[in-house]
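Chain by chain, the residues run as shown.
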Amino acid sequence: SAPAPSPPLPLPLLRLLTLAAVAATLLSPLAPPEPALAVSGGGKDFASKDWSGNDFSGRKDLAGKDFSGCIARGTKFDGADLRGARFFKADLFEATFDGANLSGASLEGAALKKTSLRNAVLVEAYISDSIDEAGDFTGADFTDALMPGIVQKRLCENRGDLGAANPKTGVTTAESLMCP
């Protein structure tokens, strides 16, 4: 046999519950937000610190990490897994990312003077005009990287190291930048 239906709520209780639900909905935007981690979800454990001269080569635990605002002069990231990592406004002077996977990483506003990106994978990375100052692009793959069109044009016109193919993807740097 079917269970007996529940008796209806008394009207005063129903009004109180409705009022509480409306108040919660209206007041929820006023509650303080939870502290945010990096956009990539990796935490801020590397952000705003000095990592100059450190060697992160070959590390596979750096995907999604936030290096925003860090100082990493002469730091080695060779062969590291940096997919989705954030280097927003980081000082990467003379850092090396040779053979690193920077797919989906953010290098916007990063100081890249003399930075080596030899054979790096930067597929769908976010890049700003500071990429002009990078040292070595040989074999770097920028397929579907997001950068200002004028920057892409300057790279194609002014760089002499765009002919080599990336050993992991097989795409030449020139092809990945869609150079004419």
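As shown above, the structure is provided for reference.
Per chain, the residues get numbers from 1 upward, laid out in the order the sequence is written. Where local features are concerned, this predicted model is filtered to residues with pLDDT of at least 70; where side-chain atom pairs are given and counted, the filter is 80 or more; whole-chain, interface and lining totals use all residues. Excluding hydrogens and water, the side-chain figures rest on all heavy atoms present in the structure.

Time to look at the packing of aromatic side chains. Each aromatic ring pair is described using two quantities: the centre-to-centre distance and the angle formed by the ring planes. Pairing of aromatic rings covers Phe, Tyr and Trp, the last counted by its six-membered ring, and requires centre-to-centre distances within 6.5 Å; plane angles under 30 degrees mean stacked, over 60 mean edge-to-face, and any other angle means tilted. For the structure on display, the rule yields 12 aromatic pairs. Between Phe46 and Phe67, the aromatic rings sit 4.7 Å apart at their centres with planes inclined by 25°, giving stacked as the arrangement. A residue pair is termed long-range when its members are at least 10 positions apart, and Phe46 in the loop between helix H1 (11-27) and strand S1 (106-107) and Phe67 in the loop between H1 and S1 qualify at 21 residues. A single burial state applies to Phe46 and to Phe67, both of which are buried. Geometrically, the ring pair formed by Phe56 and Phe77 is stacked, given 5.2 Å between the ring centres and 5° between the ring planes. Each helix is a run of H or I in the DSSP string that is no shorter than four residues. Each strand is a run of E no shorter than two, and both are numbered from the N terminus. Burial classes follow relative accessibility: with a 1.4 Å probe on protein chains only, a residue under 20% of its type's maximum area counts as buried, one over 50% as exposed, and anything between as partly exposed.

A separate point is the environment of Gly58. Mapped onto the elements of the fold, Gly58 is located in the loop between H1 and S1. Once the C-alpha coordinates of Gly58 and Ala80 are considered, the two residues, 22 residues apart in sequence, prove to be 4.3 Å apart. Contact definition: two residues touch when any of their heavy atoms are within 4.5 Å. Once residues within four sequence positions are removed from consideration, Gly58 is found in contact with Asp78, Gly79 and Ala80.

So, about the side chain of Ser68. Here Ser68 shows up in the loop between H1 and S1. Counted as a polar contact is a pair of N or O atoms within 3.5 Å, where, for protein atoms, one must be capable of donating a hydrogen and the other of accepting one, and residues adjacent in sequence contribute only when both atoms are in side chains. Of the polar contacts made by the side chain of Ser68, one reaches the side chain of Arg86; its length is 3.1 Å. Excluding its chain neighbours within four sequence positions, the residues that come into contact with Ser68 are Ala47, Ser48, Arg86, Phe87 and Phe88.

Here, two cysteine sulfur atoms that lie within 2.5 Å of each other are counted as a disulfide. Evaluated as defined, the whole model comprises 1 disulfide. One disulfide in the model links Cys156 with Cys179; its S-S distance is 2.0 Å. Judged by the sign of its S-S torsion, about -85°, the bond between Cys156 and Cys179 is left-handed. A residue pair is termed long-range when its members are at least 10 positions apart, and Cys156 in helix H2 (residues 149-158) and Cys179 in the segment after helix H3 (173-176) qualify at 23 residues. Look at Cys156 and you get buried, because its relative accessible area is 19%.

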